[in-house]
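# Chains, contacts and geometry: an overview
In case you want the letters, here they are:
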Amino acid sequence: MIRTDRICILTLIAVFALIIPSVKWLTAVDELATLVLAGCAMFDCLVNGNWRRYKLLWVVMGVMTFYAIYSVTMVHYNTPKAVAIDWIIQLKPFVPMCAALAIAPKLTPADRWWLRIIAVANIVVALACFFAGDAIMRLVIKHIAHVGITIFISAMVYYICSVRQDGTVPQKDLILTVVFVLSGLVCTRSKYYGTVVFTLFMLLCYRPGMVKRYGARSLAIFTAVVLIVIKVGWSKFNYYFVNGTSDHFDPELLSSYARPVMYATSGLIFMDHIPFGSGLASFGSNASVEPYSGVYHDYQIDKVYGISPQMPEFICDAFYPSLAQFGIAGVALFVYFWIYVVGMLKKVLHSGVADAAVQYRAAWSLIVFLLIEGIASTTFVQCPGLICMMIIGMICAPVYNGCAKESGDGCPEPIAVKR
(Lines give C-alpha, C1' and ligand atoms only; values in the text may rest on other atoms or scores of the structure.)
Protein backbone atom coordinates (compact mmCIF):
# COMPACT_ATOMS: atom_id res chain seq x y z
CA MET A 1 0.00 0.00 0.00
CA ILE A 2 0.97 3.60 -0.51
CA ARG A 3 1.58 5.58 2.68
CA THR A 4 0.12 9.04 2.09
CA ASP A 5 1.45 10.24 5.45
CA ARG A 6 5.01 9.43 4.34
CA ILE A 7 4.43 11.14 1.01
CA CYS A 8 3.37 14.28 2.92
CA ILE A 9 6.44 14.21 5.14
CA LEU A 10 8.83 13.53 2.24
CA THR A 11 7.20 16.37 0.30
CA LEU A 12 7.72 18.72 3.24
CA ILE A 13 11.36 17.68 3.59
CA ALA A 14 12.00 18.08 -0.15
CA VAL A 15 10.38 21.51 -0.37
CA PHE A 16 12.17 22.67 2.77
CA ALA A 17 15.51 21.49 1.35
CA LEU A 18 14.80 23.43 -1.85
CA ILE A 19 13.58 26.64 -0.20
CA ILE A 20 16.62 28.62 -1.42
CA PRO A 21 16.82 27.20 -4.99
CA SER A 22 13.04 27.70 -5.33
CA VAL A 23 13.44 31.47 -5.08
CA LYS A 24 15.14 31.87 -8.46
CA TRP A 25 16.21 28.61 -10.03
CA LEU A 26 13.52 26.01 -9.26
CA THR A 27 10.43 28.18 -9.22
CA ALA A 28 8.02 25.32 -9.91
CA VAL A 29 8.79 23.51 -6.64
CA ASP A 30 5.71 24.83 -4.83
CA GLU A 31 3.38 23.99 -7.73
CA LEU A 32 4.75 20.44 -7.94
CA ALA A 33 4.42 19.96 -4.18
CA THR A 34 0.85 21.24 -4.27
CA LEU A 35 0.06 18.85 -7.12
CA VAL A 36 1.53 15.91 -5.19
CA LEU A 37 -0.49 16.69 -2.05
CA ALA A 38 -3.69 17.28 -4.02
CA GLY A 39 -3.05 13.98 -5.81
CA CYS A 40 -2.69 12.18 -2.48
CA ALA A 41 -6.00 13.61 -1.30
CA MET A 42 -7.85 12.73 -4.50
CA PHE A 43 -6.37 9.22 -4.66
CA ASP A 44 -7.29 8.56 -1.03
CA CYS A 45 -10.85 9.69 -1.69
CA LEU A 46 -11.28 7.67 -4.87
CA VAL A 47 -9.67 4.47 -3.55
CA ASN A 48 -10.60 4.54 0.16
CA GLY A 49 -13.71 6.71 0.00
CA ASN A 50 -12.39 9.17 2.60
CA TRP A 51 -14.25 12.15 1.16
CA ARG A 52 -15.34 13.58 4.52
CA ARG A 53 -11.79 13.64 5.79
CA TYR A 54 -10.97 16.27 3.16
CA LYS A 55 -14.11 18.37 3.45
CA LEU A 56 -12.17 21.57 4.24
CA LEU A 57 -10.09 21.05 1.09
CA TRP A 58 -13.20 20.62 -1.03
CA VAL A 59 -14.77 23.74 0.48
CA VAL A 60 -11.66 25.81 -0.30
CA MET A 61 -11.42 24.41 -3.83
CA GLY A 62 -15.14 25.01 -4.30
CA VAL A 63 -14.78 28.66 -3.30
CA MET A 64 -11.83 29.15 -5.66
CA THR A 65 -13.69 27.41 -8.48
CA PHE A 66 -16.66 29.72 -7.94
CA TYR A 67 -14.34 32.71 -8.29
CA ALA A 68 -12.82 31.21 -11.44
CA ILE A 69 -16.26 30.82 -13.01
CA TYR A 70 -17.21 34.32 -11.87
CA SER A 71 -14.01 35.68 -13.42
CA VAL A 72 -14.61 34.25 -16.89
CA THR A 73 -18.38 34.81 -17.04
CA MET A 74 -19.04 38.07 -15.19
CA VAL A 75 -16.05 40.44 -15.13
CA HIS A 76 -13.83 39.44 -18.10
CA TYR A 77 -10.65 41.25 -17.02
CA ASN A 78 -8.35 38.52 -18.29
CA THR A 79 -8.23 35.35 -20.36
CA PRO A 80 -9.51 31.96 -19.18
CA LYS A 81 -5.93 30.66 -19.25
CA ALA A 82 -4.75 33.44 -16.93
CA VAL A 83 -7.71 32.78 -14.62
CA ALA A 84 -6.81 29.07 -14.49
CA ILE A 85 -3.20 29.94 -13.61
CA ASP A 86 -4.33 32.27 -10.83
CA TRP A 87 -6.72 29.58 -9.57
CA ILE A 88 -3.66 27.39 -9.00
CA ILE A 89 -1.65 30.23 -7.45
CA GLN A 90 -4.35 31.13 -4.94
CA LEU A 91 -4.84 27.49 -3.95
CA LYS A 92 -1.14 26.84 -3.30
CA PRO A 93 -1.06 27.78 0.40
CA PHE A 94 -4.39 26.13 1.24
CA VAL A 95 -3.97 22.70 -0.37
CA PRO A 96 -0.88 21.74 1.71
CA MET A 97 -2.55 22.83 4.94
CA CYS A 98 -5.84 21.07 4.20
CA ALA A 99 -4.01 17.91 3.12
CA ALA A 100 -1.88 17.95 6.27
CA LEU A 101 -5.00 18.46 8.40
CA ALA A 102 -6.74 15.47 6.85
CA ILE A 103 -3.81 13.05 6.54
CA ALA A 104 -2.28 14.02 9.90
CA PRO A 105 1.31 12.95 9.15
CA LYS A 106 3.68 12.54 12.08
CA LEU A 107 7.40 13.17 12.12
CA THR A 108 9.63 10.24 13.03
CA PRO A 109 12.92 10.77 14.91
CA ALA A 110 14.73 10.35 11.61
CA ASP A 111 12.51 12.99 9.98
CA ARG A 112 13.24 15.42 12.80
CA TRP A 113 16.97 14.79 12.48
CA TRP A 114 16.97 15.47 8.75
CA LEU A 115 14.82 18.59 9.12
CA ARG A 116 17.17 19.97 11.80
CA ILE A 117 20.19 19.35 9.56
CA ILE A 118 18.47 21.00 6.59
CA ALA A 119 17.40 23.93 8.79
CA VAL A 120 20.96 24.60 9.89
CA ALA A 121 22.21 24.19 6.30
CA ASN A 122 19.60 26.67 5.02
CA ILE A 123 20.62 29.23 7.63
CA VAL A 124 24.33 28.80 6.87
CA VAL A 125 23.76 29.15 3.12
CA ALA A 126 21.48 32.19 3.55
CA LEU A 127 24.04 33.94 5.77
CA ALA A 128 26.87 32.96 3.41
CA CYS A 129 24.97 34.53 0.51
CA PHE A 130 24.54 37.70 2.55
CA PHE A 131 28.19 38.00 3.55
CA ALA A 132 29.42 37.03 0.06
CA GLY A 133 28.22 40.36 -1.27
CA ASP A 134 25.34 41.79 -3.25
CA ALA A 135 26.22 40.12 -6.56
CA ILE A 136 26.34 36.59 -5.13
CA MET A 137 23.26 37.19 -3.00
CA ARG A 138 21.21 38.33 -6.01
CA LEU A 139 22.50 35.43 -8.07
CA VAL A 140 21.57 32.77 -5.51
CA ILE A 141 18.71 34.13 -3.44
CA LYS A 142 17.52 37.08 -5.57
CA HIS A 143 16.75 39.61 -2.81
CA ILE A 144 17.98 40.28 0.70
CA ALA A 145 14.44 39.82 2.05
CA HIS A 146 14.66 36.10 1.22
CA VAL A 147 17.62 35.80 3.59
CA GLY A 148 15.36 36.72 6.51
CA ILE A 149 12.48 34.58 5.25
CA THR A 150 14.69 31.50 4.87
CA ILE A 151 16.33 31.97 8.25
CA PHE A 152 13.07 32.49 10.12
CA ILE A 153 11.29 29.45 8.68
CA SER A 154 14.39 27.32 9.22
CA ALA A 155 14.62 28.51 12.84
CA MET A 156 11.00 27.55 13.48
CA VAL A 157 11.49 24.12 11.89
CA TYR A 158 14.58 23.60 14.04
CA TYR A 159 12.58 24.58 17.15
CA ILE A 160 9.68 22.23 16.39
CA CYS A 161 12.00 19.31 15.63
CA SER A 162 14.00 19.83 18.84
CA VAL A 163 11.18 18.97 21.22
CA ARG A 164 11.78 16.05 23.60
CA GLN A 165 9.32 13.31 24.57
CA ASP A 166 8.34 15.22 27.70
CA GLY A 167 7.22 18.14 25.50
CA THR A 168 10.08 20.50 26.33
CA VAL A 169 12.84 21.95 24.17
CA PRO A 170 16.41 21.59 25.52
CA GLN A 171 17.86 24.89 26.64
CA LYS A 172 20.73 24.72 24.16
CA ASP A 173 18.27 24.21 21.29
CA LEU A 174 16.08 27.05 22.53
CA ILE A 175 19.13 29.33 22.67
CA LEU A 176 20.14 28.22 19.17
CA THR A 177 16.63 28.96 17.91
CA VAL A 178 16.79 32.46 19.37
CA VAL A 179 20.24 33.00 17.84
CA PHE A 180 18.96 31.79 14.46
CA VAL A 181 15.94 34.12 14.60
CA LEU A 182 18.15 37.07 15.57
CA SER A 183 20.63 36.29 12.79
CA GLY A 184 17.85 36.95 10.31
CA LEU A 185 18.01 40.62 11.26
CA VAL A 186 20.79 40.95 8.68
CA CYS A 187 18.01 41.18 6.09
CA THR A 188 17.35 44.72 7.42
CA ARG A 189 13.60 44.46 6.72
CA SER A 190 11.50 46.26 9.32
CA LYS A 191 8.69 43.73 8.85
CA TYR A 192 11.17 41.09 10.01
CA TYR A 193 11.88 43.14 13.14
CA GLY A 194 8.21 42.96 14.07
CA THR A 195 8.21 39.20 13.51
CA VAL A 196 11.30 38.84 15.72
CA VAL A 197 9.74 40.78 18.61
CA PHE A 198 6.59 38.62 18.57
CA THR A 199 8.53 35.36 18.16
CA LEU A 200 10.92 36.12 21.02
CA PHE A 201 7.92 36.89 23.20
CA MET A 202 6.36 33.53 22.33
CA LEU A 203 9.61 31.59 22.79
CA LEU A 204 10.88 33.24 25.97
CA CYS A 205 7.95 34.88 27.75
CA TYR A 206 4.70 33.17 26.80
CA ARG A 207 3.32 30.53 29.15
CA PRO A 208 -0.03 28.77 28.72
CA GLY A 209 -2.68 30.46 30.82
CA MET A 210 -0.50 33.46 31.60
CA VAL A 211 -3.32 35.93 30.88
CA LYS A 212 -5.65 34.27 33.38
CA ARG A 213 -2.87 33.68 35.88
CA TYR A 214 -1.32 37.12 35.88
CA GLY A 215 -4.25 39.24 34.67
CA ALA A 216 -3.36 42.89 34.21
CA ARG A 217 0.38 42.21 34.21
CA SER A 218 0.16 39.77 31.32
CA LEU A 219 -2.18 42.08 29.45
CA ALA A 220 0.33 44.91 29.89
CA ILE A 221 3.16 42.68 28.60
CA PHE A 222 1.13 41.63 25.57
CA THR A 223 0.15 45.26 24.86
CA ALA A 224 3.80 46.28 25.11
CA VAL A 225 4.77 43.56 22.61
CA VAL A 226 2.10 44.74 20.15
CA LEU A 227 3.26 48.35 20.50
CA ILE A 228 6.89 47.35 19.96
CA VAL A 229 5.92 45.37 16.84
CA ILE A 230 4.11 48.45 15.51
CA LYS A 231 7.00 50.70 16.45
CA VAL A 232 9.71 48.64 14.76
CA GLY A 233 7.51 48.24 11.70
CA TRP A 234 6.70 51.94 11.39
CA SER A 235 9.98 52.87 9.70
CA LYS A 236 9.18 50.52 6.83
CA PHE A 237 5.62 51.82 6.59
CA ASN A 238 6.95 55.39 6.61
CA TYR A 239 9.60 54.43 4.04
CA TYR A 240 7.10 52.94 1.61
CA PHE A 241 3.97 55.03 2.19
CA VAL A 242 4.92 58.43 3.68
CA ASN A 243 8.43 59.70 2.91
CA GLY A 244 9.40 57.24 0.22
CA THR A 245 9.50 59.88 -2.52
CA SER A 246 12.83 61.47 -1.73
CA ASP A 247 14.83 63.81 -3.98
CA HIS A 248 17.65 61.35 -4.67
CA PHE A 249 17.42 58.15 -6.70
CA ASP A 250 17.29 54.94 -4.74
CA PRO A 251 16.31 51.67 -6.50
CA GLU A 252 14.70 50.46 -3.28
CA LEU A 253 12.34 53.45 -3.41
CA LEU A 254 10.86 52.45 -6.74
CA SER A 255 8.38 50.19 -4.98
CA SER A 256 7.37 53.11 -2.77
CA TYR A 257 5.62 54.62 -5.78
CA ALA A 258 3.90 51.44 -6.93
CA ARG A 259 2.88 49.90 -3.62
CA PRO A 260 0.72 52.80 -2.31
CA VAL A 261 -0.96 52.94 -5.72
CA MET A 262 -1.72 49.22 -5.53
CA TYR A 263 -3.15 49.51 -2.03
CA ALA A 264 -5.23 52.60 -2.90
CA THR A 265 -6.56 51.02 -6.09
CA SER A 266 -7.47 47.83 -4.22
CA GLY A 267 -9.71 49.96 -1.99
CA LEU A 268 -11.46 51.37 -5.07
CA ILE A 269 -11.92 47.87 -6.47
CA PHE A 270 -13.51 46.73 -3.21
CA MET A 271 -16.04 49.55 -3.48
CA ASP A 272 -16.70 49.18 -7.22
CA HIS A 273 -17.02 45.39 -7.34
CA ILE A 274 -19.27 44.40 -4.45
CA PRO A 275 -19.26 41.71 -3.17
CA PHE A 276 -16.99 39.39 -5.23
CA GLY A 277 -14.26 41.74 -6.42
CA SER A 278 -12.62 42.01 -9.82
CA GLY A 279 -12.01 38.27 -10.22
CA LEU A 280 -8.97 36.04 -10.58
CA ALA A 281 -5.96 37.17 -12.65
CA SER A 282 -7.18 40.77 -12.52
CA PHE A 283 -5.14 42.58 -9.86
CA GLY A 284 -2.03 42.16 -7.72
CA SER A 285 -1.38 38.61 -8.88
CA ASN A 286 1.38 37.25 -11.08
CA ALA A 287 -1.30 35.94 -13.44
CA SER A 288 -2.52 39.51 -14.01
CA VAL A 289 0.83 40.54 -15.53
CA GLU A 290 0.77 38.50 -18.73
CA PRO A 291 -1.73 38.84 -20.28
CA TYR A 292 -1.92 42.34 -18.79
CA SER A 293 -5.16 42.76 -16.85
CA GLY A 294 -7.70 45.34 -17.99
CA VAL A 295 -8.11 46.53 -14.40
CA TYR A 296 -4.87 48.52 -14.59
CA HIS A 297 -6.16 50.38 -17.65
CA ASP A 298 -9.62 50.94 -16.17
CA TYR A 299 -8.19 52.54 -13.03
CA GLN A 300 -5.56 54.45 -15.06
CA ILE A 301 -2.56 53.08 -13.19
CA ASP A 302 -0.98 51.43 -16.23
CA LYS A 303 1.49 54.32 -16.55
CA VAL A 304 2.83 54.04 -12.99
CA TYR A 305 6.42 52.82 -12.87
CA GLY A 306 6.43 49.21 -11.71
CA ILE A 307 2.80 48.64 -12.73
CA SER A 308 3.02 49.41 -16.44
CA PRO A 309 2.93 46.65 -19.09
CA GLN A 310 6.57 47.42 -19.94
CA MET A 311 7.72 47.34 -16.29
CA PRO A 312 5.32 45.28 -14.13
CA GLU A 313 7.90 44.33 -11.49
CA PHE A 314 5.95 45.65 -8.51
CA ILE A 315 2.49 44.33 -9.35
CA CYS A 316 3.18 41.30 -7.14
CA ASP A 317 5.00 43.30 -4.49
CA ALA A 318 2.44 42.69 -1.71
CA PHE A 319 -0.18 40.07 -0.96
CA TYR A 320 -3.03 42.10 0.54
CA PRO A 321 -3.84 44.21 -2.55
CA SER A 322 -4.58 40.97 -4.42
CA LEU A 323 -7.49 40.33 -2.04
CA ALA A 324 -9.37 42.94 -4.08
CA GLN A 325 -9.80 40.13 -6.63
CA PHE A 326 -12.11 38.41 -4.13
CA GLY A 327 -14.01 41.45 -2.91
CA ILE A 328 -15.58 41.96 0.48
CA ALA A 329 -16.93 38.40 0.46
CA GLY A 330 -13.44 37.00 -0.13
CA VAL A 331 -11.91 39.07 2.66
CA ALA A 332 -14.63 37.86 5.03
CA LEU A 333 -13.83 34.25 4.10
CA PHE A 334 -10.09 34.90 4.50
CA VAL A 335 -10.62 36.34 7.99
CA TYR A 336 -12.96 33.48 8.94
CA PHE A 337 -10.35 30.97 7.79
CA TRP A 338 -7.80 32.37 10.22
CA ILE A 339 -10.38 32.55 13.01
CA TYR A 340 -11.04 28.86 12.36
CA VAL A 341 -7.31 28.08 12.53
CA VAL A 342 -6.91 30.07 15.76
CA GLY A 343 -9.82 28.12 17.23
CA MET A 344 -8.04 24.86 16.43
CA LEU A 345 -4.82 26.16 17.98
CA LYS A 346 -6.63 26.95 21.23
CA LYS A 347 -7.80 23.34 21.34
CA VAL A 348 -4.27 22.16 20.59
CA LEU A 349 -3.01 24.14 23.59
CA HIS A 350 -5.57 22.50 25.89
CA SER A 351 -5.37 19.04 24.32
CA GLY A 352 -3.12 17.64 27.02
CA VAL A 353 -0.44 16.61 24.49
CA ALA A 354 3.05 16.91 25.96
CA ASP A 355 4.41 19.25 23.30
CA ALA A 356 1.21 21.31 22.92
CA ALA A 357 2.81 24.53 24.22
CA VAL A 358 5.78 24.20 21.84
CA GLN A 359 3.48 23.57 18.89
CA TYR A 360 1.25 26.49 19.90
CA ARG A 361 4.19 28.91 20.11
CA ALA A 362 5.58 27.79 16.76
CA ALA A 363 2.22 27.94 14.98
CA TRP A 364 1.45 31.44 16.25
CA SER A 365 4.94 32.63 15.27
CA LEU A 366 4.44 31.28 11.74
CA ILE A 367 0.98 32.85 11.44
CA VAL A 368 2.19 36.28 12.54
CA PHE A 369 5.17 35.92 10.20
CA LEU A 370 2.85 35.26 7.24
CA LEU A 371 0.47 38.09 8.15
CA ILE A 372 3.28 40.61 8.50
CA GLU A 373 5.04 39.41 5.34
CA GLY A 374 1.83 39.94 3.37
CA ILE A 375 2.17 43.70 3.82
CA ALA A 376 5.16 43.91 1.50
CA SER A 377 5.61 40.52 -0.19
CA THR A 378 3.72 37.58 -1.65
CA THR A 379 5.41 35.01 0.59
CA PHE A 380 1.99 33.52 1.42
CA VAL A 381 1.54 32.10 -2.10
CA GLN A 382 5.17 31.09 -2.59
CA CYS A 383 7.29 28.15 -1.43
CA PRO A 384 7.90 29.56 2.11
CA GLY A 385 4.18 30.06 2.54
CA LEU A 386 3.53 26.46 1.51
CA ILE A 387 5.98 25.23 4.16
CA CYS A 388 4.44 27.41 6.88
CA MET A 389 0.88 26.37 6.03
CA MET A 390 1.78 22.68 5.92
CA ILE A 391 3.44 22.87 9.33
CA ILE A 392 0.42 24.69 10.78
CA GLY A 393 -1.80 21.98 9.31
CA MET A 394 0.30 19.24 10.89
CA ILE A 395 0.11 20.99 14.25
CA CYS A 396 -3.68 21.34 14.08
CA ALA A 397 -4.31 17.88 12.58
CA PRO A 398 -4.95 15.96 15.84
CA VAL A 399 -7.54 18.51 16.94
CA TYR A 400 -9.13 18.67 13.47
CA ASN A 401 -9.47 14.91 13.37
CA GLY A 402 -10.67 14.81 16.97
CA CYS A 403 -13.36 17.37 16.18
CA ALA A 404 -14.47 15.28 13.23
CA LYS A 405 -14.74 12.26 15.51
CA GLU A 406 -16.82 14.15 18.06
CA SER A 407 -19.18 15.45 15.37
CA GLY A 408 -19.78 11.94 14.09
CA ASP A 409 -17.85 12.27 10.83
CA GLY A 410 -15.26 9.77 11.96
CA CYS A 411 -11.61 10.25 12.77
CA PRO A 412 -9.29 9.19 9.95
CA GLU A 413 -7.52 6.02 10.89
CA PRO A 414 -5.37 4.63 8.20
CA ILE A 415 -2.99 7.03 6.57
CA ALA A 416 -2.53 4.73 3.63
CA VAL A 417 -4.02 4.26 0.20
CA LYS A 418 -4.87 0.66 -0.56
CA ARG A 419 -4.08 -0.71 -3.94
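Just above, that's the structure.
Scope of this entry: the structure provided in the associated data block. (Residues numbered from 1 in each chain as written. Predicted model: local features only at pLDDT ≥ 70, side-chain atom pairs only at ≥ 80, totals over all residues. Heavy atoms only, no water.)

## Some details on the overall build of the chain
A tally of regular secondary structure across the chain gives 18 helices and zero strands. Residue burial in the chain is summarised as follows: out of 419 residues, 54% are buried. As presented, the chain carries roughly 18700 Å² of accessible surface, and 68% of it is formed by carbon and sulfur atoms. (Helix = DSSP H or I, 4+ residues; strand = E, 2+ residues; numbered from the N terminus. Buried < 20%, exposed > 50% of the residue type's maximum accessible area, 1.4 Å probe, protein only. Areas by Shrake-Rupley, 256 points an atom, 1.4 Å probe, with all protein chains shown as cover.)

## Observations concerning the environment of I328
The residue I328 is located in helix α16 (residues 327-349) in this model. I328 sits in the partly exposed class, given a relative accessible area of 45%. Sequence separation between I328 and I274 is 54 residues; the distance between their C-alpha atoms is 6.6 Å. With residues near it in sequence (within four places) discarded, I328 still touches F270, I274 and P275. (Contact = heavy atoms within 4.5 Å.)

## Topic: the packing of helix α4 (residues 55-75) against helix α6 (residues 94-103)
Think of two packed helices as two axes; the pair is described by the angle between the axes and how far apart they sit. One can describe the packing of α4 onto α6 by two numbers: an axis separation of 9 Å at closest approach and a directional angle of 160°. Here α4 is positioned roughly antiparallel relative to α6, judged by the angle of their axes. Between α4, through L56, L57, V60 and M64, and α6, the contact on the second element is made entirely by F94, V95, C98 and L101. A breakdown of the residues in the contact of α4 with α6 according to their chemical character gives eight nonpolar, no polar and no charged. (Axes fitted to C-alpha atoms, helices over the stretch in contact; angles between N-to-C directions. Parallel < 35°, antiparallel > 145°, perpendicular 65-115°, else oblique. Nonpolar A, V, L, I, M, F, W, Y, C, P; charged D, E, K, R; others polar.)

## Considering the packing of aromatic side chains
Enumeration according to the criterion identifies 26 aromatic pairs in this entry. Pairing W113 with W114 gives two aromatic rings, centres 4.9 Å apart and planes at 85°, and the pair type is edge-to-face. By relative accessible area, which is 49% here, W113 ends up partly exposed. Chaining the aromatic ring pairs together yields one cluster made of F94, F319, Y320, F334, F337, W338 and F380. (Phe/Tyr/Trp six-rings, centres within 6.5 Å; stacked < 30°, edge-to-face > 60°.)

## A short note on a nonpolar patch on the surface
The grouping of I2, M42, F43, L46, V47 and W51 at the surface amounts to a nonpolar patch, some 520 Å² of accessible area in total. Following the sequence through the fold, W51 ends up in the loop between α3 (29-48) and α4. (Patch = residues over 30% accessible without salt bridge, like charges linked within 9 Å, V, L, I, M, F, W, Y side chains within 5 Å. Salt bridge = Lys/Arg side-chain N within 4 Å of Asp/Glu carboxyl O.)

## Some remarks on the environment of I391
Along the chain, I391 turns up in helix α18 (residues 383-406). Spatially, the C-alpha atom of I391 lies 9.6 Å from that of L101, the residues being 290 residues apart in sequence. For I391, the contacting residues outside a window of four places in its chain are L12, V157, I160 and L366.

Interpretation in functional terms is not warranted from these geometric data alone.
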